[in-house]
Structures are given as structure tokens and as C-alpha cells.
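Residue-level listing of the chains:
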Amino acid sequence: MTLNHTDPFSRRQRRRWQRRRWKLRRIHSFFLSRLLPHAKGESQEGWPSLLARHGPRPADVQRSLSGGASVSQRHENQRYILDHDSQTVTFCDEYTSLTTRDQEQENFLQFSLVPSALKDFILPTGYPGSVSDDYLDYMLWQFPTNITGWICHALVTSSLLKAVGLGSFSGAPIAASAAAIRWVSKDGLGAIGRLFIGGRLGNIFDDDPKRWRMYADFIGSAGSIFELSTQLCPAYFLPLAASGNLAKAVARGLKDPSFRVIQNHFAISANLGEVAAKEEVWEVAAQLIGLAIGILILEMPGIQTSFFMLILTWLSIRLLHLCLRFQSLSVLKFQTINLKRARMLVRSHVLNHIVPGYAACNKEENFLSWERFLQPKIIFGVSMQRMIGKDCSSHMVRALLKLYSKEHYVLYMQQQEAGEHTFLITFKVGATRLLVLRSLWQVYWLHKHQDKTSNHIFSLLEESLLELEDGFTDFLGQLKEAGWNENQITLKVPEELLFDESECLKLSSS
């Protein structure tokens, strides 16, 4: 509707238009309050099932002022559109995903009393619809985590400065130039750690950023212990400070790439730059508060006169910092399928015929565990010689290749002394990430039925391949229904040990 501001009745028309907008907002709020509560427990359903049960979502309803309603095609960035000729109103909300509606309603209620200027300052534009649903939970835990981190930084810096002679308990100063040389030297030696992380370990962060972000804090804590020790042994300042700085450089090399992956996870609206900028706001605010608290702690008489009190205070705050870090990472809900989550999904389907949703899977995931300690034990990318042993005949090689002629991998089981089996998998040329997931399903089926092996491993392998045909198809169907995306599988194929089946047949026949 276009208003003519030169019309003497334009003010009256504007007031009438504003009253109608206010009524539309009340109707919109009514729909949200009626429809949003029904979504609890249905985060894994799609919109079609919800439409069938509760009716169309507010963003897809065109409601006539006379009471009629019809479902229309949704258009992005709609708000309120009033057509006086047809007397229809198009409602549009900012809730873009069924799986996030409960969290968005909760976040809306949490921030309803916060001034809009402050919300715009600390949150990305379009929040909560412009970021993933775990964004706010993570940032609320990240904020006190950063505060405790900066408090620890202030305490450690005090110890370092006293160690180089810029004020000490005894009050004996040293030349500023010598202190500067020692300070710069420890920074230079510590930078080696970042070179190593970036050059050698750059491919580990996309798969499991939560684990490496937590490990970064563990390693950084160890570095702080070296730096605190410089006050006890000022004569060994350079090796202690360099060791501490090396550990912190390694920690930073793990932290930065991991957090970039986390930021990319938040930016579901192609707004990575803004998400990073708003995170900087949270970080700087936490830095200022943490440094202020650290200064207040350093001014306490007990801290100034007792190194033991300094260590005890730092240790207490650092333990709190690590607990907060763990909690902030625990609320993240990644939809990517890495090896740990793939194990959990496959195990649940094989044992219980159910695939959990990504929220439940992330909550159950132990992101600090190492792959080598998980059961069943799986080794990917082994050679054929290791798989069948040096004393095995060519007949066994041909039997294995024939058994897996329709698959892009070969799987074999080796029994260990404790009665458990180790599963060895080698991949053929052309294997994909989905096939790695397929091999995992077979592993867990074999692990479930490993008591049947005795001396008939080949018969059990053959039975597992028959079960794999229908079982894995059902697994993929449930995987999609649970909200997972096959295109977000981060399982890696060990390309250095791929083999050509035709060449293996030639070798086995010779």
C-alpha cells in the first residue's frame, strides 16, 4: 500500500496503518505461541509431517481478514504484506528450521528484555535464524571461560616479569636491555611450535575440532606451569620460558584452526565474517573483565608476598577454566559424521535398529577419547600382506578378493590373545567416504556375532556381507530421517594404501 504524504488525510491513514500492523504482530505472536510448543520432541521430523499434524507453519500461511486460510509457497525475507484489494495478509517469521524452533523460542524469551542496541552489538544480524541453534549456548559458556583464561594470563605474566628482574620479591632489578633480550628470545624459540602444527597437522581439525580445542587448553596449561616456574629458577629463565612458550605456541596452533571450524559451523547463513566479528566482541569483553580481576588479585597482600599463594590461586582458576571450556564444547551440535560419531551411529543401528539424531549423538559423544582405545579395534589402510600374514597361500588371497568382488574394500578379522578381534580394512581404488561408513557397519555386525567365529571366519564374513545389503540400506534411510546429511561425512580414505584388484589377482596367481 502506497501512502501519499501530500494528502491531508495521510496522517490519519498512517495511524490506521500502524494500528493494523500492531494487530498483525499480535496475530503473528499468537501463531508462534500456538505452533512452536508442539515442536518439542520432534526435532528430527521434517515440515511435511508437522504440517499434516498441526497445520502449516506461520511463514507459509496466508490468512484472509475474513477468516479463510490457504497454504502458499514460502518466500525468503518476507515480513507483513497487506493487500487491500484481496484483504490478505502474509505472515513470515524468522524461524528457518524445524529442528531449531524450540531453541529459538527459548533464546527469544531469554533476550526479550535485552535492549535491541546491545543485541545488535553482540549477536549476528538476524539472530537466531542466521546462526546454528547451539550458538548462544556456546558463547554463554565461552564468555566465563575467556575471563578465567585472562585471569590466569595476568598471574603468569606477573611471574615472568619478576623472573627477568622487572620487579621481584627481593626487589633486585636488572638491566632493561637484558630483560628484553631474554623476553624476545623465548618468543622466538616458542614460535617453532606453530610452524610444526601448521605444516604437519593441518588436516586433523575438520574431523574433530572439539577434541583439538580441548587439547589446546591442556597443552596451554602445561606451558603456563613452565612459565610460572621461572620465578623459582630465574637463572634458567630462557629454557623454562622457551619451553612454556613452545607449549603455548603448539596450543595456539591447535586452537585457531579448531575454532575456525567451529565458527564455520555457526555460520549457517553464509555470514562467517559477521560471526567472527561478534565473537571478537565477546572475547574482548571477557578479556577486559579477566584482566581487571587479575589485577585485583595481584594487588592482594598474600599474592604479593607468597609465591605459594600465587600458584594455588592460579591452579584453582585454571581448573575452573578447563571445566568451563569442556562445558562450552559439550553444547556444540555438529551434523558432520566423523569417525567417533559414525561408530556411535552404526553401533546403535546394529544393536538397537535405531539411529540417534545429531543432538543426542553429540551429547553422548566423548570427544576427548583416542581412537586407538575404542572397541572394537579397527585398523584402516593396512596392506594385504599384513591382513592375511606372510605364510598364507595365494588361495586365501583369491578367496578374499572373490568374497569382496562387489565391494570397494576388503575386511578381515584377526583374533587376539584376549579373545577380542581386530578388524583390518584395506580399500580398493575408487573407494569413497560412504564406503568407509559401509565397512564400519560390517565391522559392528561382525563384532556383535564374533562368538560364532571359532574356525569359520570366512563363513561369518560371507554372512555379514549378506546382512550388509539390506542392513546398510536401512541404516542410510534412518540416517536421513534422523537429520544427518550423507554429504557431510568426514571419514577419510587412506589413499596411500589403495590397491588395484587386477594387480592383486596377478600376484596371487604367480
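Residues numbered from 1 in each chain as written. Predicted model: local features only at pLDDT ≥ 70, side-chain atom pairs only at ≥ 80, totals over all residues. Heavy atoms only, no water.

### Structural notes on a nonpolar patch on the surface
Thinking step 1. Together, F308, M309 and L312 give the surface a local cluster of nonpolar side chains, amounting to about 300 Å² of exposed area.
Thinking step 2. Relative to the assigned elements, F308 resides in helix α12 (residues 307–330). (Patch = residues over 30% accessible without salt bridge, like charges linked within 9 Å, V, L, I, M, F, W, Y side chains within 5 Å. Areas by Shrake-Rupley, 256 points an atom, 1.4 Å probe, with all protein chains shown as cover. Salt bridge = Lys/Arg side-chain N within 4 Å of Asp/Glu carboxyl O. Helix = DSSP H or I, 4+ residues; strand = E, 2+ residues; numbered from the N terminus.)

### Overview of helix α16 (residues 394–403)
Thinking step 1. Buried within α16 we find M396, V397, L400 and L401. On an axial view of α16, the arc spanned by its buried residues comes to 130°, and they lie on one face. Among the exposed residues of α16, those pointing more than 90 degrees away from its buried face are H395 and K402. (Buried < 20%, exposed > 50% of the residue type's maximum accessible area, 1.4 Å probe, protein only. Arc of directions from axis to C-beta.)

### Description of the nonpolar core
Thinking step 1. Membership of the largest hydrophobic core comes to 54 residues, with the highest contact counts inside it found for M387, L411, L437, F475, L479 and W484.
Thinking step 2. Once you skip the residues sitting within four places of it in the chain, L437 turns out to touch A342, V346, F472, F475, L479, I489 and L491.
Thinking step 3. L136, M139, F266 and L332 belong to the second largest nonpolar core, which has 21 residues in total. (Core = buried A, V, L, I, M, F, W, Y, C linked by side-chain atoms within 4.5 Å. Contact = heavy atoms within 4.5 Å.)

### Some words on the pairing of strand β7 (residues 421–427)
Thinking step 1. The buried fraction of β7 is high, at seven of seven residues.
Thinking step 2. Taking every second residue as pointing to the same face, both faces of β7 are buried, with H421, F423, I425 and F427 on one and T422, L424 and T426 on the other.
Thinking step 3. In terms of strand pairing, strand β5 (residues 377–380) meets β7 through four bridges, oriented parallel. Each residue of the ladder has a partner; that of I378, found in β7, is F423. (Pairing = 2+ DSSP bridges.)

### Points about the side chain of T145
Thinking step 1. With respect to the helices, strands and loops of the structure, T145 is situated in helix α5 (residues 135–164).
Thinking step 2. Taking relative accessible area as the criterion, T145 reaches 0% and is therefore assigned buried.
Thinking step 3. At a separation of 2.7 Å, a polar atom in the side chain of T145 contacts the main-chain carbonyl oxygen of W141.
Thinking step 4. Of the polar contacts made by the side chain of T145, one reaches the backbone oxygen of L324; its length is 3.4 Å.
Thinking step 5. The contacts of T145, once residues within four sequence positions are left out, are H321, L324 and R325. (Polar contact = N/O pair within 3.5 Å; in protein donor to acceptor, adjacent residues only side chain to side chain.)

### Here we look at the confidence of the model for the chain
Thinking step 1. Per-residue confidence for the chain averages 75 on the pLDDT scale, and 64% of its residues sit at or above 70.
Thinking step 2. Low pLDDT, under 50, characterises residues 34–101; the stretch is placed with 125 contacts to residues that sit more than four places away or in other chains.
Thinking step 3. Predicted confidence for residues 169–177 stays below pLDDT 50, and this span has 12 contacts to residues more than four positions away or in other chains. (pLDDT = per-residue confidence, 0-100.)

### Brief notes about the side chain of R213
Thinking step 1. Mapped onto the fold, R213 is located in helix α8 (residues 209–229).
Thinking step 2. Taking the relative accessible area as the measure of exposure, R213 reaches 3% and is therefore buried.
Thinking step 3. Of note is the side chain of R213, whose polar atom sits 3.2 Å from the side chain of D217.

### Details of the sheet that holds β5
Thinking step 1. In space, the three strands of this open sheet follow the order β5-β7-β6, with mixed pairing throughout. A strand with exactly one partner marks an edge of an open sheet, and here the two such strands are β5 and β6 (409–415). Within the sheet, the average angular offset between the axes of one strand and its neighbour, ignoring direction, is 20°.
Thinking step 2. Strand direction decides the pairing type here: β6 and β7, joined by seven bridges, are antiparallel. Bridging across to β7, V410 finds its partner in T426. (Axes fitted to C-alpha atoms, helices over the stretch in contact; angles between N-to-C directions.)

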